[in-house]
Amino acid sequence: MKLQRIQSLALLVALGGIFPSALHAAESTVNKLVIHADQGKETIDRNIYGHFSEHLGRCIYEGFWVGANSEIKNVRGIRQDVVAALKKTKIPVLRWPGGCFADEYHWKDGIGKPSKRPTMINTHWGGVTENNHFGTHEFLDLCEQLECEPYICGNVGSGTVQELSQWVEYVTFDGVSPMADLRRQNGRKEPWRVKYWGVGNENWGCGGHMTPEFYADQYKRFATYVRSYGSNRVYKIACGANTGDTNWTEVLMRDAGKRMNGLALHYYCGSGKTRKPATEINEEDWFSQLKKALHIEELVAAHGAIMDKYDPKKNIAMIVDEWGAWHSVEPGTNPGFLYQQNTIRDALVAGVSLNIFNQHADRVKMANIAQTINVLQAMILTDKAKMILTPTYHVFEMYSVHHDAKLLPAEVQSSDYLMGAEKIPNVNMSASRDAEGRIHVSLCNLNPNQPAEVACELQGAKANSIKGRVLTAPELASHNTFEQPDSVKPAEFKACQTTASGFTATLPAKSVVVLEISP
Ligand code: AHR
């Protein structure tokens, strides 16, 4: 599916009055969508809505894990308020234990009686002592409680082939073997099913500063011994490029493509014009952040084109296993803990990124936002027993209607949001049809000043009824706090109606809207 994006009003007019009202609306936002409701062959993999959680700051400890003796309600040490909240978003997959931490993590330190587990220094993240109380059993228990798929990232940078191979055996082997027996001694009789195994993380950087040629060889060595035992079929994910490093993708596809199921990509869209705390925003920062968020489309296209050359049938998935905004830490917090607030701007970052992943559903089969709790672009922030949901959380919950739905091809003619000599489209969207035949359209109005009028032609279906939900807020920096946890939350959206050919809607300034159309 090729999404055609026509972003300039001049071009829209040149198209010969497809949308005549554009002619008198040069100063407002006029936007036309065409959704091919009778088409759609790609499935939007639910794993596009995946998460990443690292032993970093307060993501695992305090975020997920409070320990069985905590006064905070928990099941076997895992806090239940966050489990319930994440289940509402239908969290599909969780990547762990890193990140940079993965390439210095030795999994055998995290099994057995907690009081006997050795400690280590978390050198990347604040130099704090890691007590290893949250290890393999606890992570897989967490995934069972969340009802999501685990995705384990192995240690290539400082680990051995044997160590990774034994981890797979420990977790997934059903028969009699040294590792399976050790697992049973540690209280788990049945093996777990773990499909997704990452072979290293950022091995071009914190995972060993390797060249792509060297890593491709290391990947083949390590991946050879990541075995499928019994009916557990492993899915091997190679470390992918940093942002625009297409040479990394080229070398990995050329030298190791035949031996991988997925190739990762990491892209952080930073902060505003300069890196500042999340809530310090002027309009230049707003524009700059969203422009950088939209850049992921070019990255997916550029890396995807190289993957197409070696894998035209698209058997190898692009796995965007770290993405999101990266602001300065909240003042007064540990700089190594990457704790940041989360505003309506971050909700727009999530909205456009997820729309772009949806649109590339033919290649992008998983994405994992960084990181679930208390770190970077989090879903959830905690303060001891208190927990709040961020604007980004609400986008994941609203967009969950796209999970495993058929992507509907669409064309967008968006007016421009101008900032000096630069411009980005006001409107960004994606559409899908679910198993019951309902059509969902997720729309972002990136403009913080003006509403966006949208007229949609629904080809091949009649819109009989329409309803929607909206996430918006009064200020650029609107966010939720422990004192005011519901400042930014979804509301019913009424500014939409069906028409003879589809529907119209008025998106408020700085909003994310999800519409449900029943044919
Ligand atoms: O998510 C924080 C860090 O960003 C991860 O540990 C690393 O993989 C990336 O550079």
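This write-up is about the structure you can find in this document.

Scoring rules and cut-offs
Residues numbered from 1 in each chain as written. Predicted model: local features only at pLDDT ≥ 70, side-chain atom pairs only at ≥ 80, totals over all residues. Heavy atoms only, no water. Helix = DSSP H or I, 4+ residues; strand = E, 2+ residues; numbered from the N terminus. Buried < 20%, exposed > 50% of the residue type's maximum accessible area, 1.4 Å probe, protein only. Contact = heavy atoms within 4.5 Å. Polar contact = N/O pair within 3.5 Å; in protein donor to acceptor, adjacent residues only side chain to side chain. 1 Å grid on protein atoms, 1.4 Å probe; cavity = no way out; pocket = protein on both sides within 12 Å on 5 of 7 lines; lining within 4 Å. Points joined across faces, edges and corners; volume = space filled by probe spheres on them. Nonpolar A, V, L, I, M, F, W, Y, C, P; charged D, E, K, R; others polar. Pairing = 2+ DSSP bridges. Axes fitted to C-alpha atoms, helices over the stretch in contact; angles between N-to-C directions. Disulfide = S-S within 2.5 Å.

### Thoughts on the environment of Thr392
For step 1, the next point in the chain: In this fold, Thr392 is placed in helix H11 (residues 391-398).
For step 2, the next point in the chain: According to the relative accessible area criterion, Thr392 is buried, its value standing at 0%.
For step 3, the next point in the chain: Note: C-alpha distance between Thr392 and Asn342 (50 residues apart in sequence) is 7.2 Å.
For step 4, the next point in the chain: Residues contacting Thr392, with those up to four places away along its chain left out, are Asn342, Asp346, Ala347, Ala350, Ile369, Gln377, Ala378 and Met379.
For step 5, the next point in the chain: Of note is the side chain of Thr392, whose polar atom sits 3.1 Å from the side chain of Gln377.

### Re the environment of Val488
For step 1, the next point in the chain: In this structure, Val488 sits in the loop between strand E24 (465-472) and strand E25 (491-493).
For step 2, the next point in the chain: Residue classification places Val488 among the buried residues on the basis of a relative accessible area of 0%.
For step 3, the next point in the chain: For Val488 and Phe64, which are 424 residues apart along the polypeptide, the C-alpha to C-alpha distance reads 23 Å.
For step 4, the next point in the chain: Setting aside its immediate chain neighbours within four residues, Val488 contacts Ile344, Pro391, His394, Leu471, Thr472, Ala473, Ser478, His479 and Asn480.

### Notes on the side chain of Ser271
For step 1, the next point in the chain: By secondary structure assignment, the location of Ser271 is in the loop between strand E12 (262-268) and helix H8 (283-294).
For step 2, the next point in the chain: Judged by its relative accessible area of 4%, Ser271 falls in the buried class.
For step 3, the next point in the chain: Here the side chain of Ser271 touches Lys276 through a polar contact of 3.3 Å, landing on its backbone oxygen.
For step 4, the next point in the chain: Those residues in contact with Ser271 that sit more than four places away from it in its chain are Lys276, Gln289, Lys292, Trp326, His327 and Arg345.

### Focus: the layout of surface pockets
For step 1, the next point in the chain: Estimates place the volume of the second largest pocket at around 240 Å³.
For step 2, the next point in the chain: What lines the second largest pocket is a set of 14 residues, among which Arg76, His137, Glu138, Asp141 and Asn186 lie closest to the centre.
For step 3, the next point in the chain: Broken down by element, the residue count for the lining of the second largest pocket peaks at four residues, all from helix H3 (residues 136-146).
For step 4, the next point in the chain: Here the lining of the second largest pocket is composed, by residue class, of four nonpolar, three polar and seven charged.

### So, the sheet that holds strand E28 (residues 511-518)
For step 1, the next point in the chain: Strand order across the open sheet formed by six strands is E17-E21-E22-E28-E24-E25, with antiparallel pairing between neighbours. Each of the sheet's edge strands pairs with one partner strand only, and the pair in question is strand E17 (406-407) and E25.
For step 2, the next point in the chain: Sheet analysis places strand E22 (residues 439-445) next to E28, joined by seven bridges and oriented antiparallel. In the sheet register, Ser442 faces E28, and the bridge partner there is Val514.
For step 3, the next point in the chain: Contacts from H11 reach E24 and E28, with the element oriented near 165° to E24.

### Remarks on the state of the cysteines
For step 1, the next point in the chain: One pass over the full model with this rule turns up one disulfide.
For step 2, the next point in the chain: Here Cys100 is linked by a disulfide to Cys206, with a sulfur-sulfur distance of 2.2 Å. Disulfide Cys100-Cys206: torsion about the S-S bond near -90°, hence left-handed. Of this pair, Cys100 sits in the loop between strand E6 (93-96) and strand E7 (120-122) while Cys206 sits in the loop between strand E10 (196-199) and helix H6 (212-224), and the two are 106 residues apart along the sequence.
For step 3, the next point in the chain: Taking relative accessible area as the criterion, Cys100 reaches 12% and is therefore assigned buried.
For step 4, the next point in the chain: With relative accessibility at 24%, the residue Cys206 sits in the partly exposed group.
For step 5, the next point in the chain: Cys59 takes part in no disulfide bond, and the closest cysteine sulfur to it belongs to Cys143, at a distance of 12 Å.
For step 6, the next point in the chain: By relative accessible area, which is 0% here, Cys59 ends up buried.
For step 7, the next point in the chain: Left unpaired, Cys496 is separated from the closest cysteine sulfur, that of Cys456, by 12 Å.
For step 8, the next point in the chain: Residue Cys496 is classed as buried on the basis of its relative accessible area of 10%.

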